[in-house]
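# Structural characterization, general
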Amino acid sequence: MIQGTTPTHLFTIPFDASVISKVRVTYAQREKVLLTKDETECRLKGNVIELKLTQEETLLFDEFSSVQVQVRVLTEAGDALASDLIRVPCGAILDKEVLE
């Protein structure tokens, strides 16, 4: 991931997303949560959870440390599931301003 960009993150799950009632995708660096997205900000299709970050959101991340990402879901049956931590490198941009 590169600061100041708008990446789309795709998370493949081992079941159909239609059984999900809640989604939480958490982004952290150095054990500090910087960003949390929920099901209202995600697209659920087939067995994929898709979300897009904004320029402002990716500028929250420090380029000198990898970003930890974790997906948690609650199924309609009440099962709470979590992914392993996903580590994503964060690349720098020279101009730290949001393009408009």
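Preceding this section is the structure that the text describes.
Attention here is on the structure that accompanies the text. (Residues numbered from 1 in each chain as written. Predicted model: local features only at pLDDT ≥ 70, side-chain atom pairs only at ≥ 80, totals over all residues. Heavy atoms only, no water.)

### Here's the deal with the nonpolar core
- Membership of the largest hydrophobic core comes to 20 residues, with the highest contact counts inside it found for F11, V25, Y27, I49 and F61.
- Of all the secondary structure elements, the ones that give two or more residues to this core are β2 (20–29), β5 (48–52) and β6 (67–75).
- Residue contacts for F61: discarding those within four places in its chain leaves M1, Q3, Y27, Q29, L34, L35, L53, V67 and C90. (Core = buried A, V, L, I, M, F, W, Y, C linked by side-chain atoms within 4.5 Å. Buried < 20%, exposed > 50% of the residue type's maximum accessible area, 1.4 Å probe, protein only. Helix = DSSP H or I, 4+ residues; strand = E, 2+ residues; numbered from the N terminus. Contact = heavy atoms within 4.5 Å.)

### Thoughts on the environment of F15
- Structurally, F15 can be placed in the loop between β1 (8–12) and β2.
- Each residue touching F15, except ones within four places of it in the same chain, is listed here: I20, G46, N47, V73 and L81.

### Some thoughts on the sheet that holds β1
- One open sheet holds the three strands; their spatial order is β1-β5-β4, and the pairing between them is antiparallel. Because the sheet does not close on itself, it has two edges, and the strands there are β1 and β4 (42–45). On average, adjacent strands in this sheet sit at an angle of 20 degrees to one another, irrespective of strand direction.
- Of the strand pairs in this sheet, β1 and β5 are connected by five bridges, and their pairing is antiparallel. Paired with T12 across the two strands is V48, which belongs to β5. (Pairing = 2+ DSSP bridges. Axes fitted to C-alpha atoms, helices over the stretch in contact; angles between N-to-C directions.)

Shape descriptors only; they carry no functional weight alone.
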